[in-house]
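One letter stands for each residue in the lines below.
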Amino acid sequence: MALDLLVKNGTVVDGSGMARYRADVGVKDGRIAEIGRIPGNAAETIDADGMIVSPGFIDGHTHMDAQVTWDPLGSCSCWHGVTSVIMGNCGFALAPCKPEQREWYARCLEAVEDIPTQAIMAGVKWDWESFPEYLAAVERAPKALNHGAYIGHSALRMYVMGERALDESASEADLQIMADAVAEAVRAGAMGFSTSRSPTHVTPADKPVASRIGSWAEIDRLVAAMTELNAGIFQVAPDVTSGAAQVEFFEQLQGIALKSGRPVMFGTIASRQGKDPKPWQFHTEYLDATAALGGRMFGQATTRSINALFSLKSNLPFDFLPTWKVVRALPLEQQKRRLADPDTQRQLIAEEAEMQPRGFEFQGGGAATTNPLRPDYGNLLVMRDVDWDDPTVEDLARSGNKNPVETMIDLMLADENQVFIQPLVNENPKDVLGLLKHPRTLATFSDSGAHVCQEMGSSLPTHLLNYWVRKHQAFTLEQAVRMLTFDNASAWELSGRGLIRAGYAADLVIFDEDNIKPQMPTVKADLPGGARRLVQKADGIAATVVNGAVTFAQGESTGNYAGQLLKGPLAAST
C-alpha cells in the first residue's frame with residue numbers, strides 16, 4: 001500500500017496515557033494506516049528522530065465562530081498543536097440570525113468576548129440564517145483545523161423573540177420554536193446547546209445577555225430537546241460571583257444533569273473575586289456528587305491564570321481617564337513623546353489617583369479592559385518571559401522609589417512592546433494544579449478567538465507542556481498528552497480522534513519535548529478592518545498534521561486546509 005505520509009523514527013506518545021515507544025506512523029487517505037517499523041517510502045516523509053509524535057490537541061472551549069469564516073489558519077490555536085476546536089460556547093454564536101440582527105449579534109460578541117464589531121462586520125460573509133445553514137458554511141470554509149459548534153442560547157433566543165429576548169420570559173410558543181431549533185441543530189451536527197448564567201456577560205447597554213433572561217425552566221426545556229434525541233452536550237458559563245449565587249447555580253445545574261442524562265460542562269475556576277467566594281473544591285465536589293447520583297458532569301479547566309493583558313499597543317487600565325484618552329488617541333510615536341514629558345506625566349499620575357479602588361467586583365469578559373477601576377499593582381505583573389515568575393509593578397515601583405504609574409510609563413518607554421498581566425481568576429498556581437489533577441476536569445478552557453486584545457488563552461497546550469510538565473514535573477508527558485487529546489475527544493464523543501491508532505483520523509503533532517513552549521505575545525493589527533489583536537506563537541513544534549495533511553511546518557502554514565466540520569455523534573453516524 002502506497003502511503004500518503006510517513007512519520008519516521010519518532011517517539012510515539014499515543015494519547016492513552018501509556019508509556020511512550022519508538023515507531024513510525026503511516027498515513028493513507030487522511031487516516032492512520034500503520035504503526036510500527038514501516039519500510040519503503042511515501043509521497044511525503046517527515047523524519048521525527050528525537051521528536052515526540054502525539055495526537056493533535058483538542059480545545060473544547062473556544063469562540064472562533066466568526067473567525068473561522070475569515071481565517072483559514074485557525075490562529076492563534078494553530079500554532080500550539082491544536083487540531084480540533086469546539087466553538088459557540090457560553091450561548092454566544094452567529095446563528096441562527098436574521099439579516100437585520102447581524103450587527104447587533106456582532107456588538108454583543110464585542111461586549112462579552114472582546115471580538116471587535118468592525119472585524120466581524122468586515123470579515124464575516126453571513127451566508128446563512130439557520131443554524132444548519134451556518135454549519136454548512138463552516139463545512140465549506142477552507143480551514144486548517146477541525147471545527148465543531150454548539151447552538152447558542154442567546155443567539156437562539158434573539159432569533160425567536162427579537163427584542164423581547166432581552167427582558168421577557170419566553171411564551172409557550174417561543175419555547176416550542178426554540179426546542180425545535182435545538183433538535184434541528186443537533187440533527188444537523190451541532191455538538192450540543194450552550195448558555196450563560198454569568199453576570200459578567202452583558203450587552204453593550206450593560207444589561208444581561210439574552211440567555212440570562214431565560215429561566216432555569218426554559219433551559220431545562222431546551223436541554224430536554226437533546227434528551228429526546230439522546231445526543232448533545234450542555235455547556236454553560238457559570239455564576240460564581242458569590243457564595244449564594246454559586247450554591248443556587250450548582251443546585252439547578254445538578255438537577256438538569258440528573259433529569260436530562262446529557263453530559264454537562266462548565267468552567268471550573270479558583271477566584272478571590274466577588275463576595276464570599278467559594279474555593280475551587282466547591283466546584284469539583286459538585287462534579288463528584290453529580291456523578292455519584294448518576295449524572296455526567298465535566299469541569300473545564302485552564303492551565304494557568306485567566307488574565308487581562310495591557311500594553312501601550314493595545315489597552316491600558318487608564319485609557320478612559322481624560323488626559324490618558326487624549327494621549328492614547330495619538331499615533332504611537334506621539335504617545336511616547338507625550339508620556340516622556342514631565343508635565344504630562346504628572347497629570348497622568350494625578351488622574352490615576354482619582355480612580356475608584358477595586359472592591360468585590362467580579363471581572364470577566366470585556367469588563368476587564370473597559371471598566372476603569374484602579375489596578376491592584378501588587379497583582380499586576382510585568383511580563384518578562386512565559387515562565388510566570390515575573391515581578392509585579394508594585395515590586396518594581398517600591399525598589400525604584402517611584403509611583404506605580406510612573407514605573408509603568410518608564411517600562412513602556414524603554415520597550416514599546418512591554419506587556420502587563422493582571423490575573424483575574426486562578427491567581428494561585430497551586431489552585432490551578434488542583435483543578436487540573438481532578439479526574440472530572442478537562443484541560444480545555446482556552447477561550448481562543450475571544451478577548452483578542454486582552455488574553456492569550458490559545459497557548460493552553462504549550463503552557464501545560466512547558467510549565468507543568470517540564471518546569472514543575474507535576475505531570476508526566478504521557479499524562480499531559482492524554483489530557484489534551486484522548487480525555488477531550490472522549491468527553492466530546494469525537495469518535496476516531498484523540499489516539500494514535502490504526503483507523504483513527506491522522507491528526508498529529510510532532511514536537512520537541514525539551515523546547516516546546518509559548519512565545520511572548522505581540523500586538524498585530526491584522527483582523528478584518530484593521531482591528532488589533534494579541535498574537536502568540538510557539539517554539540518546539542516541528543509539524544502539525546490534520547486529517548493526514550501537513551498544515552504547519554516549523555510554525556509556518558503549508559497552505560493545506562484539511563480541516564473538517566466536526567459533527568456530533570447523531571449526525572456523524574448518518
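Preceding this paragraph is the structure being described.
This one's a predicted model, so the numbers in the text were calculated from it and none came from an experiment. Each chain has its residues counted from 1, following the order in which its sequence is written. Reporting of local features is limited, given that this is a predicted model, to residues whose pLDDT is at least 70; pairs of side-chain atoms are given and counted only at 80 or more, and all residues count toward the totals for whole chains, interfaces and linings. With hydrogens and water excluded, all non-hydrogen atoms of the structure serve as input to the side-chain values.

J.: Summarise the overall build of the chain; cite the residues concerned and give the values.
T.: Each helix and strand counted, the chain has 20 helices and 24 strands in total. The principal-axis extent of the C-alpha atoms belonging to the chain is close to 75 × 60 × 45 Å. The buried share among the 574 residues of the chain stands at 61%. Working rule for contacts: check all heavy atoms of both residues, and any pair within 4.5 Å makes them a contact. Pairs at least 24 residues apart make up 74% of the contacts formed inside the chain by residues separated by at least 6 positions. By element, 49% of the accessible surface of the chain is carried by carbon and sulfur atoms, the whole surface being about 21,000 Å². When charges are counted, neither His nor the chain ends are considered; positive counts come from Lys and Arg and negative counts from Asp and Glu. Charged groups are reduced to one reference atom each: NZ for lysine, CZ for arginine, CG for aspartic acid, CD for glutamic acid. In the chain, the 52 positive side-chain charges and the 70 negative ones have mean positions that sit 1 Å from each other. Runs of H or I in DSSP of at least four residues are treated as helices and runs of E of at least two as strands, each being numbered from the N terminus. Each residue's exposure class comes from its accessible area (1.4 Å probe, protein chains only) as a fraction of the maximum for that residue type: buried when under 20%, exposed when over 50%, partly exposed otherwise. A 1.4 Å probe and the Shrake-Rupley method give the accessible areas. Residues count as covered only by the protein chains that appear here.

J.: Requested: an account of the sheet that holds strand S10 (residues 233–237), with residues and values cited.
T.: The pairing criterion for strands is at least two bridges between them, as found by DSSP. What the 8 strands build is an open sheet, ordered S6-S7-S8-S9-S10-S11-S12-S16; its pairing is parallel. One side of each edge strand has no neighbouring strand; the edge strands of this open sheet are strand S6 (57–59) and strand S16 (441–443). Here the strands of the sheet are splayed against their neighbours by 25° on average, with no regard to which way each runs. Pairing analysis gives 4 bridges linking strand S11 (residues 264–267) to strand S12 (residues 297–301), with the strands arranged parallel. Bridge pairing in S12 places Val-264 opposite Met-297. Lines fitted to C-alpha atoms define the axes here, with helix axes fitted over just the stretch in contact, and angles between the N-to-C directions of these axes take values from 0 to 180 degrees. Relative to strand S9 (residues 192–196), helix H7 (residues 216–229) is tilted by about 165°, and along the sheet it contacts S9 and S10.

J.: Residues and numbers for the sheet that holds strand S13 (residues 306–311), please.
T.: With respect to topology, 3 strands assemble into an open sheet ordered S13-S15-S14, the strand pairing being antiparallel. Unpaired on one side and paired on the other, S13 and strand S14 (381–382) mark the two borders of the sheet. Alignment of S13 against strand S15 (residues 419–425), held across 6 bridges, turns out to be antiparallel. Bridge assignment links Asn-307 to a residue of S15, and that residue is Pro-423.

J.: Can you tell me about the side chain of Ser-311, naming the residues and giving the values?
T.: Its location among the elements puts Ser-311 in strand S13. With near-sequence residues (within four places) excluded, Ser-311 lies in contact with Leu-316, Arg-328, Gln-418, Val-419 and Val-523.

J.: I'd like to hear about the nonpolar core, residue by residue, with values.
T.: Side chains that are nonpolar tend, in soluble globular proteins, to be buried together. In this description, a nonpolar core means a group of buried Ala, Val, Leu, Ile, Met, Phe, Trp, Tyr and Cys residues linked to one another through side-chain atoms lying within 4.5 Å. Membership of the largest hydrophobic core comes to 113 residues, with the highest contact counts inside it found for Phe-131, Tyr-134, Val-182, Phe-234, Leu-436, Leu-465 and Phe-511. Among the elements that line this core, the one with the most residues is helix H5 (residues 172–188), at 7 residues. Counting residues in each nonpolar core, the second largest holds 23 residues, with Ala-308, Phe-310, Val-327 and Met-355 among its members.

J.: Kindly report on the pairing of strand S1 (residues 3–12), identifying the contributing residues and their values.
T.: Among the 10 residues that make up S1, 7 are buried, leaving the element largely enclosed by the rest of the structure. Pairing geometry for S1 and strand S4 (residues 42–47), over 5 bridges, is parallel. For Val-7, the partnering residue across the bridge sits in S4 and is Ile-46. The sheet contact formed by S1 and strand S2 (residues 21–28) spans 6 bridges and is antiparallel.

J.: Provide a residue-level description of empty space enclosed by the protein, including the pertinent values.
T.: Think of a 1 Å grid over just the protein atoms. A cavity is a set of points where a 1.4 Å probe fits yet cannot get out, a pocket is an open set with protein on both sides within 12 Å along at least five of seven lines, and lining residues have an atom within 4 Å of a point. Grid points are joined across faces, edges and corners, and a volume is the space filled by probe spheres set on the points. On inspection of all chains with the given rule, the structure shows 9 cavities of 30 Å³ or more. Reported here for the second largest cavity is a volume of approximately 160 Å³. Forming the walls of the second largest cavity are 18 residues, and the residues nearest its centre are Cys-76, Gly-449, Ala-450, Ser-458 and Leu-534. Split into classes, the residues belonging to the lining of the second largest cavity amount to 6 nonpolar, 9 polar and 3 charged. For this classification, the nonpolar set comprises Ala, Val, Leu, Ile, Met, Phe, Trp, Tyr, Cys and Pro, the charged set comprises Asp, Glu, Lys and Arg, and every other residue, Gly included, is treated as polar.

J.: I'd like a rundown of the packing of aromatic side chains, residues and numbers included.
T.: Pairing of aromatic rings covers Phe, Tyr and the six-membered ring of Trp, with a centre-to-centre limit of 6.5 Å; geometry is then stacked below 30 degrees between planes, edge-to-face above 60, and tilted otherwise. Here the structure, examined in full by the defined rule, presents 14 aromatic pairs. When the centroid spacing of 4.9 Å and the interplanar angle of 75° are considered together, the rings of Trp-128 and Tyr-134 count as edge-to-face. For the ring pair Phe-282 and Tyr-286, a centre distance of 5.5 Å and an interplane angle of 65° mean the geometry is edge-to-face. Of the two residues, Phe-282 and Tyr-286 are both situated in helix H9 (residues 280–292); the distance of 4 residues between them amounts to about one turn of the helix. Members of the aromatic cluster, joined through ring pairs, are Trp-216, Phe-249, Phe-250, Phe-266, Phe-282 and Tyr-286. Taking NZ or CZ as reference, Lys-437 lies 4.6 Å from the ring centre of Phe-475, over its face. We call a charge positioned above a ring when the Lys NZ or Arg CZ atom is no farther than 6 Å from the ring centre and deviates by at most 35 degrees from the ring normal.

J.: How would you sum up the packing of helix H12 (residues 342–353) against helix H15 (residues 404–414)? Please name residues and give values.
T.: Where H12 meets H15, the axes come as close as 9 Å, and the angle between the chain directions of the two elements is 130°. With respect to each other, H12 and H15 are oriented oblique. Considering how the two elements wind past one another, H12 and H15 form a crossing that is right-handed. Residues Gln-345, Leu-348, Ile-349 and Glu-352 of H12 form the contact with H15, whose own contacting residues are Val-405, Glu-406, Ile-409, Asp-410 and Leu-413. Should an angle lie under 35 degrees it is considered roughly parallel, over 145 roughly antiparallel, and from 65 to 115 roughly perpendicular; all remaining angles are considered oblique. In this scheme the handedness of a crossing depends on how the near helix is turned from the far one: anticlockwise by less than a right angle means left-handed, clockwise means right-handed.

J.: Explain the side chain of Ser-194 residue by residue, including any values.
T.: Structurally, the position occupied by Ser-194 is in strand S9. Engagement of the side chain of Ser-194 in a polar contact is seen with the backbone nitrogen of Gly-91, the distance being 2.8 Å. Polar contact is the term for a pair of N or O atoms within 3.5 Å; when the atoms are in protein, one must be able to donate a hydrogen and the other to accept it, and sequence-neighboring residues count only if both atoms are side-chain atoms.

J.: Please provide a residue-by-residue account of the pairing of strand S22 (residues 541–546), values included.
T.: The buried count for S22 comes to 6 of 6 residues, which makes it a mostly enclosed element. Bridge count for strand S17 (residues 508–511) against S22 is 4 bridges, and the pairing is antiparallel. Looking at the pairing, Leu-508 lines up with Val-545 of S22. Examined bridge by bridge, S22 and strand S23 (residues 549–553) share 4 bridges and lie antiparallel to one another. Among the inter-strand pairings, Val-546 is bridged to a residue of S23, identified as Ala-549.

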